[in-house]
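Here is what each chain is made of, one letter per residue.
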Amino acid sequence: MTSSSPLIEARGLSKRYGSFVALDRADFVVQPGRIVGLIGPNGAGKTTALRAVLGLTTYEGELNVLGREPFAERALLMQEASFIADVAVLPEWLRVQQAIDFVAGVHPRFRRERAAALLAKTDIGARRRIGQLSKGMKTMVHLALTMAIDARLLVLDEPTLGLDIIARRGFYDALVNDYMDETRTIVITTHQVEEVENLLTDVLFIDKGRIVLDCSVEDIGARYATVEVADDRVAAAREQRPFYERRALGKTLLYFEGADRDKLKGLGEVGVPSVADLFVAKVSAERAA
Amino acid sequence: MNKFIWLVRREFWENKAIWVMPACIGGLMVVGSLFGKVEIAMLHASDQQTEVAGVLFLLAIGGVFWVAMSIYSVWYLLDCLYADRKDRSVLFFKSLPLTDSETVFSKLFVALIALPLVYFAAADISALLMTFVISVRARLGFGIILWRPELWLQEQVLWLYVIATGILWYLPVVGWLLLVSAWAKRAVILQAILPPLAIMLAERLFLGTHAAALLFRDRLLGGGYVALHHPINWSLQKGEMTPGVWRLPDPVGFLSSADVWIGVALGAACIAGAVQLRKRRTDA
């Protein structure tokens, strides 16, 4: 995983808007073939980080995406990377057929028949104007267009916003089954961490413009543990230096990083935190520190 | 090149008014010629009089289209780098391998070349249809004279000359409108008008002069004085009956005018600025 050269490499990535610091010397690396979840609360800098990666904004620090400098070479980068931004952004006046024709005309890696096949699964007519479609349908058209591009990097910023649960499931299934293969890399942000938890291979936690955690999902089990401790043993458990704790159902849940599992076993029931739980724990601990 | 054609096609998809508006104006004119009153007096006019009337008729049609095109072009230029930021579709277009200069130049191409040619064609077709209608309705005379090929040829040459010189002359105005369109987060029209207005007012208040106002006026209305030999009516008043459209264009005078090239330089700077803003702004 560390042998091949990274697809995205950011060092000291910073961005300020006036006095507001959106990104504060963030370092992160995305390896090829991974599905990375960029997870953070509102205003944490997720969208700014993605904008920088996609060449949509200037930045300070070093950033290399697919061997290119994104802001200076956005058009070249977009031959091999594609993205869907946080809202349905296809222009209202465009017809579905025109959208396909246009992307086919300007994008050398667009596969028209693939877009047509994806759209055939929906009941969206090619003559329809984007403005006449429901929000879910717009997103489906945008996804079909994007998934028909043979991109090495796909960036999704809240891709399923406004979709109902069936459409969301359908989307993620299509992404994993029809789109993802070892040549592709996906970076995804979403508020619904639980929904993507099972498909992520890596997580990047971001808060207040800084990367709080950069870890593969398989390493979470090795690095982190939770222990559910009864009240009389909390003091003993705290000696093992948990980084975060919270009360739940009359017991205390303590979060440990890099702790010896054998020692923890004597304190209570040991578990592995979910991505969502770990995120809350890491961000809360970071803020309290 | 292929990409560029798609970008221009996209402009026509989005801005149907590019061809709908001239088509409507032409349609109204033809309907007007079908039901309007035909001046029978013209039937008895001399050849020279009808020729003058014919030329003026063609120029009047051209003038109407020219005014309509000017108004629409201003609107188009102010909207073209603003609308997609407002509805956020700029993010879709930026997800495609298109450089920001390609995008800006496609809009510039539409405003400076495609739009004038569409209006040129519409004016021609309208004039042809009207002439045909009038000649049928009046049987003889006025209509017949309009079929004279050299008058048509003159009109075509004049149009193309006016389009070509207009591109250079209006480049600073076009560049300014593009710059505002790429810059503004709201109220594009106000933001286009207020800075020149502020300059004129400030000059008036602090210096008591009005050089800026004259400069703006000359740029907006004075293109004809630089591009053409002096006005048509003069020769008419002197009793020279044939205005001689051939003699109007003054390309040497136009191309050797410093005003033209200063304007071109300013326009180019504004366009370069618009490209830079386009690279940086993704929202309105």
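Calculation rules
- Residues numbered from 1 in each chain as written.
- Chains lettered and ligands numbered in written order.
- Predicted model: local features only at pLDDT ≥ 70, side-chain atom pairs only at ≥ 80, totals over all residues.
- Contact = placed C-beta atoms within 7 Å.
- Nonpolar A, V, L, I, M, F, W, Y, C, P; charged D, E, K, R; others polar.
- Axes fitted to C-alpha atoms, helices over the stretch in contact; angles between N-to-C directions.
- Helix = DSSP H or I, 4+ residues; strand = E, 2+ residues; numbered from the N terminus.
- Parallel < 35°, antiparallel > 145°, perpendicular 65-115°, else oblique.
- Left-handed = near helix turned anticlockwise from the far one by under 90°.
- Buried ≥ 20, exposed ≤ 12 C-beta atoms within 10 Å, placed from the backbone.
- Pairing = 2+ DSSP bridges.
- Arc of directions from axis to C-beta.
- pLDDT = per-residue confidence, 0-100.
- Domains from an automatic or database assignment.
- Core = buried A, V, L, I, M, F, W, Y, C linked by C-beta atoms within 7 Å.

1. Quick word on the interface of chain B and chain A
- If you look at the interface, chain B gives 20 residues, while chain A gives 22 residues.
- Grouping the constituent residues of the side of chain B that touches chain A by class yields seven nonpolar, five polar and eight charged.

2. Comments concerning the packing of helix α3 (residues 96–106) of chain A against helix α1 (residues 2–14) of chain B
- At their nearest, the axes of α3 of chain A and α1 of chain B sit 8 Å apart, and the two run at 155 degrees to each other. What the angle tells us is that α3 of chain A and α1 of chain B run roughly antiparallel. In this structure, α3 of chain A meets α1 of chain B at a crossing whose hand is left-handed. Contact residues: α3 of chain A offers Gln-98, Phe-102, Gly-105 and Val-106 of chain A, while α1 of chain B offers Asn-2, Lys-3, Trp-6, Arg-10 and Trp-13 of chain B.
- For the contact of α3 of chain A with α1 of chain B, the class distribution of residues is four nonpolar, three polar and two charged.

3. Some thoughts on the pairing of strand β3 (residues 35–39) of chain A
All names here are of chain A.
- With five of five residues buried, β3 is to be regarded as a mostly interior element.
- Here β3 shows no split at all, with Ile-35, Gly-37 and Ile-39 on one side and Val-36 and Leu-38 on the other all buried.
- Relative to strand β7 (residues 185–189), β3 runs parallel, the two being bridged by three bridges. What sits directly across from Ile-35, in β7, is Ile-186.
- Sheet topology note: the β3/strand β8 (residues 202–207) ladder contains four bridges and is parallel. Each residue of the ladder has a partner; that of Leu-38, found in β8, is Leu-204.

4. So, the sheet that holds strand β2 (residues 20–30) of chain A
Residues and elements named next belong to chain A.
- The strand order across the open sheet built from three strands is β2-β1-β4, with neighbouring strands paired in antiparallel fashion. Two strands bound the open sheet, and with one partner strand each, they are β2 and β4 (60–65). Strand-to-strand twist across the sheet, computed as the mean angle between neighbouring axes with direction ignored, equals 25 degrees.
- In terms of strand pairing, strand β1 (residues 8–17) meets β2 through seven bridges, oriented antiparallel.

5. Some remarks on the pairing of strand β12 (residues 251–257) of chain A
Residues and elements named next belong to chain A.
- Within β12, five of the seven residues are buried, which leaves the element mostly enclosed by the surrounding structure.
- Direction of pairing for strand β10 (residues 224–229) relative to β12: antiparallel, over a ladder of six bridges. Note that in β12 the partner of Ala-225 across the bridge is Phe-256.
- Where strand β11 (residues 244–248) lies against β12, five bridges are found, and the strand directions are antiparallel. Each residue of the ladder has a partner; that of Arg-247, found in β12, is Thr-252.
- Hairpin connection between β11 and β12: a loop of two residues separates the two successive antiparallel strands, and Leu-249 in this loop has a positive phi of roughly 50 degrees.

6. Describing helix α4 (residues 112–120) of chain A
Residues and elements named next belong to chain A.
- What α4 keeps buried is the set Ala-115, Leu-118 and Leu-119. Considered in projection along α4, the buried side chains sweep an arc of 95 degrees and stay on one side of the axis. For α4, exposure combined with an orientation more than 90 degrees from the buried face picks out Glu-113 and Ala-120.
- Where α4 is buried, its residues meet α3 and α5 (135–147).

7. Some thoughts on the confidence of the model for chain B
- Here chain B averages 86 in pLDDT, and 85% of its residues register 70 or above.
- Scored as a complex, the prediction yields pTM 0.88 and ipTM 0.89.

8. Describing the sheet that holds β11 of chain A
All names here are of chain A.
- Pairing within the open sheet is antiparallel, and its four strands lie in the order β11-β12-β10-β13. Only two strands of the sheet have a single neighbouring strand rather than two, namely β11 and β13 (269–271). Taking the axes of each pair of neighbouring strands and ignoring which way they run, one obtains an average angle of 25 degrees across the sheet.
- Across three bridges, β10 lies against β13 in antiparallel orientation. For Glu-228, the partnering residue across the bridge sits in β13 and is Glu-269.

9. What to know about the packing of helix α10 (residues 188–206) of chain B against helix α11 (residues 211–221) of chain B
All names here are of chain B.
- Running from N to C, α10 and α11 point in directions that differ by 145 degrees, and their axes come no closer than 7 Å. Here Pro-196, Ile-199, Met-200 and Glu-203 of α10 lie close against α11, whose contacting residues are Ala-211, Ala-212, Ala-213 and Phe-216.
- Here the contact of α10 with α11 is composed, by residue class, of seven nonpolar, no polar and one charged.

10. With respect to the domain arrangement of chain A
Residues and elements named next belong to chain A.
- Taken domain by domain, chain A comprises domain 1 (8–208) and domain 2 (219–288).
- On the side of domain 2, seven residues touch domain 1, which itself brings nine residues to the contact.
- Those elements that place two or more of their residues in the side of domain 1 that touches domain 2 are α7 (193–196) and β8.
- With three residues, β8 is the largest single contributor of residues to the side of domain 1 that touches domain 2.
- For the side of domain 1 that touches domain 2, the per-class residue count stands at six nonpolar, no polar and three charged.

11. Quick notes on the environment of Lys-282 of chain A
- As for its placement among the helices and strands, Lys-282 of chain A is situated in helix α11 (residues 275–288).
- Beyond its immediate sequence surroundings of up to four residues, Lys-282 of chain A is in contact with Phe-205, Val-212 and Leu-213 of chain A.

12. Structural notes on the environment of Val-270 of chain A
All names here are of chain A.
- Counting through the fold element by element, Val-270 comes out in strand β13.
- Judged by C-beta crowding, with 17 C-beta atoms within 10 Å, Val-270 ranks as partly exposed.
- When the C-alpha atoms of Val-270 and Val-283 are compared, they prove to be 21 Å apart, with 13 residues separating the residues in sequence.
- Other than its neighbours up to four places away in sequence, Val-270 contacts Ala-225, Val-227, Arg-261, Leu-264 and Lys-265.

13. Side note on unusual backbone geometry
- The phi dihedral of Leu-66 of chain A falls on the positive side, at around 50 degrees, and the residue is not glycine.
- Residue position: Leu-66 of chain A is located in the loop between β4 and α2 (74–77).
- On the neighbour-count criterion, Leu-66 of chain A (20 C-beta atoms within 10 Å) is buried.
- The backbone phi angle of Ala-187 of chain B is positive, close to 45 degrees, even though this residue is not glycine.
- Mapped onto the elements, Ala-187 of chain B comes out in the loop between α9 (171–183) and α10.
- On the neighbour-count criterion, Ala-187 of chain B (11 C-beta atoms within 10 Å) is exposed.

14. Looking at the nonpolar core
- Core analysis: the largest hydrophobic core is formed by 93 residues, its most contacted members being Ala-49, Val-53, Ala-81, Val-141, Ala-144, Val-155 and Leu-204 of chain A.
- Both domain 1 (8–208) and domain 2 (219–288) of chain A contribute no fewer than three residues apiece to this core.
- Among residues more than four places away in sequence, those in contact with Val-141 of chain A are Leu-90, Val-96, Ala-99, Leu-119, Ile-124, Ile-130 and Leu-133 of chain A.
- Leu-58, Cys-80, Trp-159 and Trp-176 of chain B belong to the second-largest nonpolar core, a separate cluster that totals 52 residues.

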